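# Structure assessment
Residues per chain are reported as follows:
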Amino acid sequence: MKYVIIGGDAAGMSAAMQIVRNVEGAEVTTLEAGGIYSYAQCGLPYIVGGEVEHTEKLIARDVETFREKYGIDARVFHHVEAVDTENQVVSGKNKETGMSFELPYDKLLIASGGSPVLPDVPGRTLKGVHTLKTIPDIEAIDADLDDVHDVTIIGGGYIGLELAENLIETGRNVRIIERNNRIAKMFDADMTPLIHEEAGKHGVELCLGESVEVLEGVQRIQAVQTTGGWYDTDLVIAATGIRPNTDFLENTGVQLRHNGAVQVDAWMRTNVDHVYAAGDCAVQYHRVKERDDYVPLGTHANKQGRAAGKNMAGIPKQFQGIVGTSILRFFDLTLAKTGLNEAESEKMAFPFDTVVHRAVDRADYFEGKKPLHLKLLYRTDTEEVIGGQVIGESGAAKRIDVLAVTLFHRMTLDDYEDLDLSYAPPYNGVWDPIQQTARRAT
């Protein structure tokens, strides 16, 4: 049985490992457009801040390990250009040699990931203008930081905030340009002041409600012109999201969503026989929305890849979906959310209400307590909790994971009171802040 996997990172290699472990004599070929396999993309911003010493630490398994230990035909710099689903052949070009290749398959996995979006404005090709998705990307940024004093980040999402923190730590001036009127828009507006205050406390300049119009410079970036002003800068990093790498699927019959993500079912199958998809190039089923969504995160890619590999190996395994959980550190704060925010709830036309509570991360009488800001969203017709946001210096990670489990199992506000959560004064009050918040709603 010939298995071909397009993509050598989280989803692709999770699938490959399931196949080689469960199918005796399987011929597994993986095609990676870059030169590095199986690395932790979420650790990339911490390279510039020095918390991760070098990029080699981010590589989980190198290509030689896959080849020598597991017998996978792991190829590098193999760019896929087309898939013939009728004759079951993948074709493309070796970017090192320029030679074309064709590979037949019995089963195919599309795990081609996504690419960062660079605003389509004049000057986007100037030196000093970067995006971030791969190890070569962060190495290029790190190498380009010599003599750089002022850095402009386009986009105030996860990557933008993590980059801002790490660049501030190096002593540089950092500006975030965000077209919305707030950064971290995955959080609701009433939680935003905490994030904006933290940015200001650490010297991050926020340019909100502004869209980039021109990147100015002769050969290298010198300034950014937006709808709101003109800013001198030595380096620009665009962190405005990613799009699925699925252009090569044109005319294959594989069903794509409006954004180019591959449509899959719970077994990671596409609508075309013998073709599967997983990771940042595919949709993810959202358990709260009860429909497919596009939330490209490494945790989802690993789970989808594992499910795809098992199903390709003949072992039925459903991907159980997501609830929309995420977390990031922003200087002294932890920003965590799960489920839906207000905008998403309104879009879904759910009847909902919210409750906000300011608690502390440990027993109120215990020394060193820190404020913890919590928000729950719940349906008014069923009292099912559909979203949660937690921001604080300590204890947010513990609470968001509890909330994620409750959303996964569709628990109601009343159910929260019965949760048997851990308690000791250095970590909690007798009633956890989650329970305190839920009780205020009821």
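Residues numbered from 1 in each chain as written. Predicted model: local features only at pLDDT ≥ 70, side-chain atom pairs only at ≥ 80, totals over all residues. Heavy atoms only, no water.

In the annotation of an unreviewed UniProt entry, the entry for the protein reads FAD-dependent oxidoreductase, and the organism field reads Salibacterium lacus. Quoted straight from UniProt, the Cofactor (unreviewed entry) entry for the protein says "FAD". Checking UniProt for the protein, the heading Sequence similarities (unreviewed entry) contains the comment "Belongs to the class-III pyridine nucleotide-disulfide oxidoreductase family." (UniProt positions renumbered as here; feature names shortened; annotations may be inferred.)

### Remarks on the state of the cysteines
Across all of its chains, the model carries 0 disulfides by this definition. C281 takes part in no disulfide bond, and the closest cysteine sulfur to it belongs to C42, at a distance of 16 Å. (Disulfide = S-S within 2.5 Å.)

### Side note on the pairing of strand β24 (residues 371-379)
Here is the key point about a regular strand: its side chains alternate between the two faces of the sheet. Where burial is concerned, most of β24 is hidden: 8 out of the 9 residues are buried. Here strand β23 (residues 352-360) runs beside β24; their pairing, made up of 9 bridges, is antiparallel. In the strand pairing of β24, F352 is matched with R379. Two strands pair when backbone bridges link them, and β24 and strand β25 (residues 385-392) are joined in this way by 7 bridges, in the antiparallel orientation. If you follow H373 over to β25, its bridge partner there is I391. Here β24 folds back onto β25, and the loop between the two strands holds 5 residues, one of which, E383, carries a positive phi near 65°. (Buried < 20%, exposed > 50% of the residue type's maximum accessible area, 1.4 Å probe, protein only. Helix = DSSP H or I, 4+ residues; strand = E, 2+ residues; numbered from the N terminus. Pairing = 2+ DSSP bridges.)

### Things to note about the sheet that holds strand β22 (residues 333-339)
Spatial ordering of the open sheet is given by β21-β22-β25-β24-β23, a layout of 5 strands whose pairing is antiparallel. Every other strand in the sheet has two partners, leaving β21 (326-330) and β23 as the edge strands with one partner each. Taken pair by pair, the neighbouring strands of this sheet meet at an average axis angle of 10°, ignoring direction. Relative to β23, helix α11 (residues 433-441) is tilted by about 140°, and along the sheet it contacts β23 and β24. (Axes fitted to C-alpha atoms, helices over the stretch in contact; angles between N-to-C directions. Contact = heavy atoms within 4.5 Å.)

### What about a nonpolar patch on the surface?
Together, Y365, F366, Y423, V430 and W431 give the surface a local cluster of nonpolar side chains, amounting to about 540 Å² of exposed area. Here V430 lies in the loop between α10 (413-417) and α11. Take V430: its relative accessible area is 62%, and that puts it in the exposed class. (Patch = residues over 30% accessible without salt bridge, like charges linked within 9 Å, V, L, I, M, F, W, Y side chains within 5 Å. Areas by Shrake-Rupley, 256 points an atom, 1.4 Å probe, with all protein chains shown as cover. Salt bridge = Lys/Arg side-chain N within 4 Å of Asp/Glu carboxyl O.)

### A look at the UniProt feature "domain: Pyridine nucleotide-disulphide oxidoreductase dimerisation" (unreviewed entry) in the protein
In the numbering used here, UniProt assigns the feature "domain: Pyridine nucleotide-disulphide oxidoreductase dimerisation" (unreviewed entry) to residues 329-428. End-to-end, the C-alpha atoms of residues 329-428 are 21 Å apart, and along that stretch the chain is 24% helix and 35% strand.

### Here's the deal with the side chain of T85
By the element assignment, T85 lies in the loop between β4 (78-84) and β5 (89-94). Only 2.9 Å separates the side chain of T85 from the backbone oxygen of T252, close enough to count as a polar contact. The residues touching T85, leaving out its near neighbours within four places in the chain, are Y105, T252, V254, V272 and V275. (Polar contact = N/O pair within 3.5 Å; in protein donor to acceptor, adjacent residues only side chain to side chain.)

### Digging into the UniProt feature "domain: FAD/NAD(P)-binding" (unreviewed entry) in the protein
Annotation from UniProt places "domain: FAD/NAD(P)-binding" (unreviewed entry) at residues 1-293. Secondary structure across residues 1-293 comprises 19% helix and 30% strand; the distance between its end C-alpha atoms is 32 Å.

### Here's the deal with a negative patch on the surface
Negative charge collects at one region of the surface, where E56, E139, D142, D146 and D147 lie side by side. Mapping E56 onto the fold places it in the loop between α2 (45-49) and α3 (63-68). (Lys, Arg positive; Asp, Glu negative; His and termini not counted. Charge placed at Lys NZ, Arg CZ, Asp CG, Glu CD.)

### Focus on the environment of E216
Mapped onto the fold, E216 is located in strand β13 (residues 212-217). Residues E216 and D353, spaced 137 residues apart in sequence, show a C-alpha to C-alpha distance of 46 Å. If we ignore the near neighbours within four places in the chain, the residues touching E216 are L126, I221, Q222, A223 and W230.

### Concerning the nonpolar core
Within the largest apolar cluster, 54 residues are counted, with the highest numbers of intra-cluster contacts made by V83, V90, L108 and L109. Here this core takes 7 residues from helix α1 (residues 10-22), the largest share from any one element. Other than its neighbours up to four places away in sequence, V90 contacts V4, I6, L31, V80, A82, V83, F101, E102, L103, Y105 and L108. Counting residues in hydrophobic clusters, the runner-up holds 39 residues, among them M191, I195, L235 and L335. (Core = buried A, V, L, I, M, F, W, Y, C linked by side-chain atoms within 4.5 Å.)

### Thoughts on the layout of surface pockets
Empty space within the second largest pocket amounts to approximately 190 Å³. For the second largest pocket, the full set of lining residues is L194, E197, E198, K201, L333, R358, P371, H373, G392 and E393. Mapped by element, the contributors of at least two residues to the lining of the second largest pocket are α6 (192-201) and β24. Looking at the lining of the second largest pocket, the element that brings in the most residues is α6, giving 4 residues. (1 Å grid on protein atoms, 1.4 Å probe; cavity = no way out; pocket = protein on both sides within 12 Å on 5 of 7 lines; lining within 4 Å. Points joined across faces, edges and corners; volume = space filled by probe spheres on them.)

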